[in-house]
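Architecture at a glance
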Amino acid sequence: MGEKFIESWIYLAGLLTIVVLLGIIVLLVKEGVPIFFNTPPWEFFFGTNWYPVSEPPTFGIMPFFVATLWVTIVATAISVPVGIACAAYLSEVAPDKVRETVKPVIELLAGFPSVVMGFIGLMLLSPLVQSAFNLPTGLAGLTAGIMLAFMSLPIIISVSEDAMRAVPDEFRQASYALGATKWETIWHVCIPAALSGITAAVMLGVGRAIGETMTVLMVAGGALAVPVSPTEPMMPMTAAIASGIGNAVRGGLQYQALFTIGLILFVLTLAVNLIADRVLERQKRKFQR
Amino acid sequence: MHIRNSKKWFVIPLLTLLAATVLVSSCNESTTTTNPTTTSSELSGSFSIIGSNTVTPLTTVWAEEFMKMHPKVNIAVSGPGSGAGIAALINGTTDICQASRTIKQTEIEQANAAGVDPYEIPVATDALSVVVHPSNPVSELTIAQLSAIYTGNITNWNEVGGDDAPIIAIARDTNSGTHVFFKEHVVQMLGLATEDKTLEYGNKVLQLPSTEEGVSEVAKNPNAIFYPGLGYVTDEVKPLAIKTTADDAGVLPSVATALDGTYPVARPLLYYTNGEPTGIIKGFIDYCLSDAGQAKVTEVGYVPLE
């Protein structure tokens, strides 16, 4: 009886997430898709001009899409190697005492509000990036990408460290018994064995980088050109939504266009997760052989 | 004028939240105290003011003073931008919209369709200053040069008499009334012989989410140029003299030059309400337009109504 009750309770909770998810998709499609009656999909996706408050307005989201791509690439390129190296150190090399102090501190870092990170980027990092790369302005995709790397590092380190610690000790013992060094053991045994967890960690990090709004709004610069290099000022999709939605009248063209950008962001993160799933599956099979 | 390090932009939503926690009582239509300077606190209730980032410092001071006079009144002020304020008025989520540009015809139509009747009240004047880094040798620009800078046709300071350095043109984002006002009056050169309504901001222009951020970037970056309202100009940036055409004399932005009409980029700061204001909102607006209220305008750095 009690068991039944709890079972149906859990079932309902599971159902609720699916209902909410479907609700979000329906809302995004319903509010966003009518924009295509005004701007054909081709022009919307590949147009390079975004003038929502002009008469007549133009909606082309190519600049935002490319900006999101650059910022995410920079963030991933920094956070993944650093994150995995840090996780390997904590899990395989560091003495227990060090790990027990460092790991909670890193996890605390994940709790930093993004506004604070944006402020740090604005005041400390952007002048540094400007002088280091000799740029005309420090408000650029690169600065935003570096800040995002800091923000996704705690997740990547924490999750991949857990994954590496879960690798059975027999693996390491066997490796040492064959005369492998510590480095060879980490590189050829621990990391491959923990790969599924590490991949999940990286995907969580990438997901955070794609979806982060406040920081990129503050430090990415907000220029509407299609950025050809990460050192240019740019406006990623999340920043475009945040900086335009307040101005948009419910049901208006700009409102619809912004909802469609939201839909694209959603599809993008979904795709990242699906690809991750595939990679994970393939790696697992390879590892089994 | 004081240096603003803090981001009022973040603090204001918090204040809004705080104010919103106080119970709303909407029925004080009977209280029509037209003399808000009396300390008798007959007025009570709360309302919100949403809109222009430019008008926000002024509205905040007025709201604080008014709440001091009438302790039972609560006013929530936030400044996401004029367009956002007008959208909020149309969507019925604010009582007063503060704006640094006039409402557009399309917005009036949208408002009427939603059963809202926008009622315009000028409350002060602003001189839109154009500022650069103090080390920048350029000290005056014509409207046509500014237009060329913001459309991306002039990209180096040496084209306007400065050093050989790239120009980083900074604008507000599209939420902002200043964005639209500057586009019409400077980028498109409204009212000049060279007026061209097809001109748009160039796509290399940085669009920032707040005026404070633009000013702080100019204070740090010798290449940057930005256009804050007079109330946001600090000692860390240098305002430029503006020439209507190359033959005119350059005029620096100030209360005096905005009042006598010689400064070319001055604009009215406006409040919009749904229909003519009544009750508590009328009480507040009467205070803003009173001598005491207009005296605050100068303190904040803007220009009082004549």
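Residues numbered from 1 in each chain as written. Chains lettered and ligands numbered in written order. Predicted model: local features only at pLDDT ≥ 70, side-chain atom pairs only at ≥ 80, totals over all residues. Heavy atoms only, no water.

**Some thoughts on the overall build of chain B**
A tally of regular secondary structure across chain B gives ten helices and twelve strands. Out of the 306 residues in chain B, the part that is buried amounts to 58%. Counting contacts in chain B only where the partners sit at least 6 residues apart, residues at least 24 apart contribute 74% of the total. Accessible surface for chain B amounts to roughly 11,900 Å². Of this, 55% is attributable to carbon and sulfur atoms. (Helix = DSSP H or I, 4+ residues; strand = E, 2+ residues; numbered from the N terminus. Buried < 20%, exposed > 50% of the residue type's maximum accessible area, 1.4 Å probe, protein only. Contact = heavy atoms within 4.5 Å. Areas by Shrake-Rupley, 256 points an atom, 1.4 Å probe, with all protein chains shown as cover.)

**Quick word on the interface of chain A and chain B**
Frequently, the measure chosen for interface size is the accessible area removed from exposure when the parts meet. Between chain A and chain B, the contact holds 36 residues from the first and 35 residues from the second. Roughly 2,800 Å² of surface becomes buried between chain A and chain B when both sides are summed, with 55% attributable to carbon and sulfur atoms. In this structure, the salt-bridge partner of Lys204(B) is Glu232(A), at a minimum N-O distance of 4.0 Å. The tally of links between chain A and chain B comes to ten residue pairs in polar contact (both at pLDDT 80 or more). When residues of the side of chain A that touches chain B are traced back to their parent elements, those giving at least two are α6 (114–132), α11 (214–219) and α12 (237–245) of chain A. With seven residues, α6(A) is the largest single contributor of residues to the side of chain A that touches chain B. (Buried area = accessible area lost by both parts, 1.4 Å probe. Salt bridge = Lys/Arg side-chain N within 4 Å of Asp/Glu carboxyl O. Polar contact = N/O pair within 3.5 Å; in protein donor to acceptor, adjacent residues only side chain to side chain.)

**Describing helix α7 (residues 211–220) of chain B**
Of all ten residues in α7(B), eight are buried; the element is thus mostly enclosed. All of the buried residues in α7(B) are Thr211(B), Glu212(B), Glu213(B), Gly214(B), Val215(B), Ser216(B), Glu217(B) and Val218(B).

**Things to note about the nonpolar core**
Nonpolar side chains tend toward joint burial in soluble globular proteins. Ranked by size, the top nonpolar core spans 101 residues in total, and within it Tyr271(B) and Phe284(B) carry the most contacts. Core analysis: the second largest hydrophobic core is formed by 36 residues, Leu128(B), Val186(B), Val187(B) and Met189(B) among them. (Core = buried A, V, L, I, M, F, W, Y, C linked by side-chain atoms within 4.5 Å.)

**As for the sheet that holds strand β2 (residues 73–78) of chain B**
Residues and elements named next belong to chain B. The five strands lie next to each other as β2-β1-β3-β12-β4, forming an open sheet whose pairing is mixed. Here the strands that pair on one side only, and so sit at the sheet edges, are β2 and β4 (118–127). On average, each strand axis in the sheet is inclined to that of its neighbour by 20°, with strand direction left out of account. Relative to strand β12 (residues 266–274), strand β3 (residues 96–99) runs antiparallel, the two being bridged by four bridges. Opposite Ile 96, over in β12, you have Thr 273 as the bridge partner. Helix α9 (residues 279–289) rests against β1 (45–51), β2, β3, β4 and β12 of the sheet, and its axis sits at about 60° to β1. (Pairing = 2+ DSSP bridges. Axes fitted to C-alpha atoms, helices over the stretch in contact; angles between N-to-C directions.)

**Some thoughts on the packing of helix α4 (residues 62–93) of chain A against helix α10 (residues 195–211) of chain A**
Residues and elements named next belong to chain A. At a closest axis distance of 9 Å, the pairing of α4 and α10 adopts a crossing angle of 145°. Where α4 crosses over α10, the two elements pack in a sense that is right-handed. From α4, Thr 68, Thr 72, Ala 75, Thr 76, Val 80 and Ile 84 reach across to α10, where they touch Ile 198, Val 202, Val 206, Ala 209 and Ile 210. Classifying every residue of the contact of α4 with α10 gives eight nonpolar, three polar and no charged. (Left-handed = near helix turned anticlockwise from the far one by under 90°. Nonpolar A, V, L, I, M, F, W, Y, C, P; charged D, E, K, R; others polar.)

**A short note on the sheet that holds strand β10 (residues 238–239) of chain B**
Residues and elements named next belong to chain B. Pairing is mixed across the open sheet formed by five strands, whose spatial order is β8-β7-β9-β5-β10. Whereas interior strands pair on both sides, the edge strands pair on one side only; in this sheet they are β8 (206–208) and β10. Sheet analysis places strand β7 (residues 168–172) next to β8, joined by three bridges and oriented parallel. Bridged to Arg 172 within β8 is Leu 208. Against the sheet, α7 makes contact with β5 (131–132), β7, β8 and β9 (224–226), and its axis sits at roughly 150° relative to β9, the strand it touches most.

**Some words on the confidence of the model for chain B**
Residues and elements named next belong to chain B. Summarising the model, chain B shows a mean pLDDT of 84, and 87% of its residues fall at 70 or more. Taken element by element, the predicted model of chain B shows its lowest mean pLDDT in helix α1 (residues 8–20) (46) and its highest in β5 (96). Below pLDDT 50 for its whole length, residues 1–41 participates in 67 contacts with residues either more than four positions away or in separate chains. Scored by ipTM, the complex comes to 0.80, with pTM at 0.78. (pLDDT = per-residue confidence, 0-100.)

**A word on unusual backbone geometry**
A positive phi is found at Asn134(A), a non-glycine position, where the angle reads about 55°. Among the structural elements, Asn134(A) can be located in the loop between α6 and α7 (141–165). Of note in this structure, Met189(B) is not a glycine but carries a positive phi near 55°. Tracing the backbone through its elements, the reader meets Met189(B) in the loop between α6 (177–187) and β8. Relative accessible area serves as the criterion here: at 8%, Met189(B) is assigned to the buried category.

**Focus on the side chain of Ser126(A)**
Along the chain, Ser126(A) falls in helix α6. Judged by relative accessible area, Ser126(A) falls into the buried class, the value being 1%. Polar contacts involving the side chain of Ser126(A) include one to the main-chain carbonyl oxygen of Leu122(A), which spans 3.0 Å. Residues in contact with Ser126(A), not counting those within four places in the same chain, are Gly121(A), Gly138(A), Leu139(A), Thr143(A) and Lys220(B).

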